[in-house]
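The residues making up each chain are set out below.
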Amino acid sequence: FKGARLAIAVFDISSRFTMDRLHEWIRHLYESEGKIPLVVVGNKIDLLTPPFDEVEKEMKRLAEPYGMETQLISAKTGVGIEMLDYKFMQLVEKFA
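Residues numbered from 1 in each chain as written. Predicted model: local features only at pLDDT ≥ 70, side-chain atom pairs only at ≥ 80, totals over all residues. Heavy atoms only, no water.

> Could you give an account of the packing of aromatic side chains, with specific residues and numbers?
Counted according to the given criterion, the structure contains one aromatic pair. For the pair Tyr-30 and Tyr-66, a centre-to-centre distance of 5.5 Å together with 70 degrees between the ring planes defines the contact as edge-to-face. Of the two residues, Tyr-30 is situated in helix α1 (residues 16–33) and Tyr-66 in the loop between α2 (53–63) and β3 (69–72); the sequence distance between them amounts to 36 residues. Here Tyr-30 falls in the buried class, since its relative accessible area comes to 14%. (Phe/Tyr/Trp six-rings, centres within 6.5 Å; stacked < 30°, edge-to-face > 60°. Helix = DSSP H or I, 4+ residues; strand = E, 2+ residues; numbered from the N terminus. Buried < 20%, exposed > 50% of the residue type's maximum accessible area, 1.4 Å probe, protein only.)

> Which residues make up the side chain of Lys-87, and what are the values?
By the secondary structure assignment, Lys-87 is in helix α3 (residues 81–95). The side chain of Lys-87 sits in the buried core without any salt bridge; Glu-69 is the nearest counter-charge, 4.2 Å away. A distance of 2.5 Å separates a polar side-chain atom of Lys-87 from the backbone oxygen of Thr-70. Within polar-contact distance, the side chain of Lys-87 engages the side chain of Gln-71 at 3.0 Å. Each residue touching Lys-87, except ones within four places of it in the same chain, is listed here: Glu-69, Thr-70 and Gln-71. (Lys, Arg positive; Asp, Glu negative; His and termini not counted. Salt bridge = Lys/Arg side-chain N within 4 Å of Asp/Glu carboxyl O. Polar contact = N/O pair within 3.5 Å; in protein donor to acceptor, adjacent residues only side chain to side chain. Contact = heavy atoms within 4.5 Å.)

> Describe the sheet that holds β3, naming the residues involved and giving the relevant values.
The strand order β1-β2-β3 describes an open sheet built from three strands, whose pairing is parallel. The open sheet is flanked by β1 (7–12) and β3, the only strands paired with a single partner. Within the sheet, the average angular offset between the axes of one strand and its neighbour, ignoring direction, is 20 degrees. Inspection of the sheet shows strand β2 (residues 38–43) paired to β3 by four bridges, in the parallel sense. Its bridge partner lying in β3, Gly-42 is registered against Leu-72. (Pairing = 2+ DSSP bridges. Axes fitted to C-alpha atoms, helices over the stretch in contact; angles between N-to-C directions.)

> Can you lay out the packing of α1 against α2 for me, pointing to particular residues and giving the numbers?
As a packed pair, α1 and α2 sit with axes 10 Å apart at the nearest point and diverge in direction by 15 degrees. Here α2 runs roughly parallel to α1, going by the angle between their axes. α2 is crossed by α1, and the crossing has right-handed handedness. Residues Arg-16, Met-19, Leu-22 and His-23 of α1 form the contact with α2, whose participating residues are Glu-58, Met-59, Arg-61 and Leu-62. Across the contact of α1 with α2, the residue classes tally to four nonpolar, one polar and three charged. (Parallel < 35°, antiparallel > 145°, perpendicular 65-115°, else oblique. Left-handed = near helix turned anticlockwise from the far one by under 90°. Nonpolar A, V, L, I, M, F, W, Y, C, P; charged D, E, K, R; others polar.)

> Requested: an account of the pairing of β1, with residues and values cited.
Of the pairings in the sheet, the one linking β1 to β2 comprises six bridges and is parallel in character. Within β2, the residue paired with Ala-7 across the bridge is Leu-38.

Structure below.
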């Protein structure tokens, strides 16, 4: 991520390990590039049954200290992809 001005951090919501490792990845990113705008993305919501309250709550807990946006998606089905694109483009317009 050398030279990054914006980032998307994706984790697998079916694997707690990937969410836990996200903290470390964000720390490395911020140490390298400073506190750049970031969207935290939980992927594979197609593997869960709605509502997604618990996952959303956990994502907000992770993102809130950093002031990050969050989005749940399914790369497989496309759910949430348009909203992710919209959120990321807002960051591009604001910070890039």
